[in-house]
Amino acid sequence: MFTIITGAQFGDEGKGKVVDLISGDYDLVVRFQGGDNAGHTVKVGDDVYKLHLVPSGFLFDTRVLIGPGTVMNPEVLAGEIDMLAEGGIELGPEKLGIDAKTSIIMPYHIELDGLRESRRTEKIGTTRRGIGFAYIDKVARDEIRMADIANRDRLLRRLNELAPSRESSIKELGGDPGIVMDERLIARYADLGKRLAPYITDVSYEINRALEEGRNVLAEGAQGTHLDVIHGTQKFVTSSSTIAGSACANLGVGPTKVDGVLGIVKAYITRVGEGPLPTELTDRTGRRIQEVGKEFGTTTGRARRCGWFDLPLLKKAIYLNGYTSIALTKLDVLSDLDPIKVCVSYELDGRALDYPPENTADLARCRPVYEELPGWKGDLTGVKGFDELPQAAQNYILSLEKSMGVPIVYVSVGPARAQTFRKETGN
Ligand code: GDP
Ligand code: IMO
Ligand code: MG
């Protein structure tokens, strides 16, 4: 079985939580795009793990893989391995694999990201983790790969070849070009390369073999659908393709192998960084959702912008991903808000649209048209099944499900693994 999970909105939908929840059913859990711009939270009992690179299936007896379509900062990965080891979770090479072709985020990528962002008149609000510049180098065939840092001579050869153009780019943006050939940094990367070398694997081969042998593979998306570099709200997007089809291309698995695509959907919407968010709430309700939902970025700590559920954007996410099922998260956060609004269409230049316009500038001008649903009172975080939910919360779920036309299979009512139930079975 090959399942793909992606975020249906602008990231931070609760992908980490849902991946952890279902990982017990999978033999391999794989990251296929993005890098440490992602921040995925897993909470089991009192233990909370906030990870940027290690796939969220690490708590189970599964093998976790980092695919060749990702961009990986080895310092961050080594830090996560160490942090988990301190808590008694060993991520040795039998547990974690890194594809030889994984692009490495170098210090100059991070420098360039920061410099470029601070010089933009209209900011993107990147995480400044060097993601965009690492992907630029990947498509320009100027990347340094996992296999390169594992071999000090190859790393040096590669750096010598790339240094002049990277140095002039940094200089042009007003930065210090010395970072490119900084001896201390090169030595550190060579050390990290040596340390991570035993983890090197061929991810595509591993996955295809596993599927051939009837084992189960889960692809864990990062970011969210509308941050997709091709189909998102450019330019306010990340630099990788975040939609489900990207898992096949990035992992080297044929589309005929996909059994299901699970969309993670927050019961409202959030966005961190710049770019249009038609249902954004800048009032007390928005601040309340932010506070109750603890909507602060896992990676940068920035406050996430919050808004009501946006059906037109969700419809587009369903088209782009071909979702076969949905997990609805953070329903508990909407308690005590009455009414609860759902954006059913937009108004743009006197026209009603039930699908987002293709142009980002037009999306920014869209005015949401709301349908109001009755809210409910009381804490949902202890609810164990659909039937236990207040009638208004049940109606909210059923109404979203009907509008989306895709079954909601999981409902999440709190950050912990246990605070989830399957909709059909009532746990
Ligand atoms: P991801 O990037 O999609 O993995 O999501 P993040 O981990 O960045 O952000 C989701 C946040 O919401 C995390 O702090 C989770 O612990 C938390 N969370 C997930 N599901 C729920 C839920 O159903 N209710 C509440 N209150 N918090 C949740
Ligand atoms: P997870 O996996 C939310 C946003 C940044 C910025 C834009 C580009 O936790 O859902 P980048 O550093 O990627 O060049 O930034 O994308 N962004 C995310 N927003 N969740 C994420 O990941 C994100 N990763 C990147 O805020 O607007
Ligand atoms: Mg996140």
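Residues numbered from 1 in each chain as written. Chains lettered and ligands numbered in written order. Predicted model: local features only at pLDDT ≥ 70, side-chain atom pairs only at ≥ 80, totals over all residues. Heavy atoms only, no water.

### Thoughts on the site of ligand 1
- Around ligand 1 sit 18 residues, and of these Lys15, Gly39, Thr41, Asp332 and Ser412 come closest.
- Here an oxygen atom of ligand 1 and a backbone polar atom of glycine 39 are 2.7 Å apart.
- At 3.1 Å from an oxygen atom of ligand 1 is found a main-chain nitrogen or oxygen belonging to glycine 414.
- Protein contacts shield 93% of the accessible area of ligand 1, which totals 580 Å² for the unbound molecule.
- Residue assignment for the shell around ligand 1 shows that the elements contributing at least two residues are α1 (15–22) and β3 (40–44).
- Sort the elements by how many residues they give to the shell around ligand 1 and α1 lands first, with three residues.
- Among the residues making up the shell around ligand 1, the classes are represented as three nonpolar, eight polar and seven charged.
- Each of domain 1 (2–101 + 200–260) and domain 3 (265–422) accounts for three or more of the residues forming the shell around ligand 1. (Near = heavy atom within 4 Å. Polar contact = N/O pair within 3.5 Å; in protein donor to acceptor, adjacent residues only side chain to side chain. Areas by Shrake-Rupley, 256 points an atom, 1.4 Å probe, with all protein chains shown as cover. Helix = DSSP H or I, 4+ residues; strand = E, 2+ residues; numbered from the N terminus. Nonpolar A, V, L, I, M, F, W, Y, C, P; charged D, E, K, R; others polar. Domains from an automatic or database assignment.)

### What about the environment of glycine 92?
- Among the secondary structure elements, glycine 92 is positioned in the loop between α2 (74–86) and β7 (96–99).
- A residue is classified by how much of its surface remains accessible, and glycine 92, at 14% relative accessible area, is buried. (Buried < 20%, exposed > 50% of the residue type's maximum accessible area, 1.4 Å probe, protein only.)

### Thoughts on the pattern of salt bridges
- In the structure shown here, the tally under the stated rule is 25 salt bridges.
- For glutamate 295, the salt bridge is made with arginine 304, and the minimal N-O distance between the two is 2.7 Å.
- Exposure remark for arginine 304: the relative accessible area of 6% places this residue in the buried category.
- Shared partners join several salt bridges into a network, and the residues in it are Asp12, Lys266, Glu295, Arg304 and Lys330. (Salt bridge = Lys/Arg side-chain N within 4 Å of Asp/Glu carboxyl O.)

### Re the site of ligand 2
- In the region of ligand 2, 20 residues are neighbours, and Lys15, His40, Thr127, Gln223 and Thr238 sit closest.
- The contact in question runs from an oxygen atom of ligand 2 to an N or O atom on the backbone of glycine 125, over 3.4 Å.
- Between arginine 302 and ligand 2, the recorded distance is 2.9 Å, taken from a side-chain N or O atom to an oxygen atom.
- For the shell around ligand 2, the per-class residue count stands at seven nonpolar, ten polar and three charged.

### What about the sheet that holds strand β5 (residues 63–66)?
- Strand order across the open sheet formed by ten strands is β9-β7-β5-β2-β10-β1-β11-β15-β19-β20, with mixed pairing between neighbours. Every other strand in the sheet has two partners, leaving β9 (200–201) and β20 (420–422) as the edge strands with one partner each.
- Where strand β2 (residues 28–31) lies against strand β10 (residues 217–220), four bridges are found, and the strand directions are parallel. The residue of β10 that forms the bridge with arginine 31 is glutamate 220.
- Along the sheet, helix α9 (residues 244–251) makes contact with β1 (2–7), β2, β10 and β11 (260–266), crossing β1 at roughly 125 degrees.
- Together, β15 (325–329) and β19 (408–412) form the strand contacts of helix α13 (residues 391–404), whose direction differs from that of β19 by roughly 140 degrees. (Pairing = 2+ DSSP bridges. Contact = heavy atoms within 4.5 Å. Axes fitted to C-alpha atoms, helices over the stretch in contact; angles between N-to-C directions.)

### Observations regarding unusual backbone geometry
- Of note, the amide linkage connecting glutamine 234 to lysine 235 takes the cis form, showing an omega dihedral of 5 degrees.
- Mapped onto the secondary structure, lysine 235 falls in the loop between β10 and α9.
- A cis amide bond, omega 0 degrees, links aspartate 338 with the succeeding residue proline 339.
- Of note in this structure, aspartate 12 is not a glycine but carries a positive phi near 60 degrees.
- Among the secondary structure elements, aspartate 12 is positioned in the loop between β1 and α1.
- Even without being glycine, lysine 294 reaches a positive phi, approximately 50 degrees.

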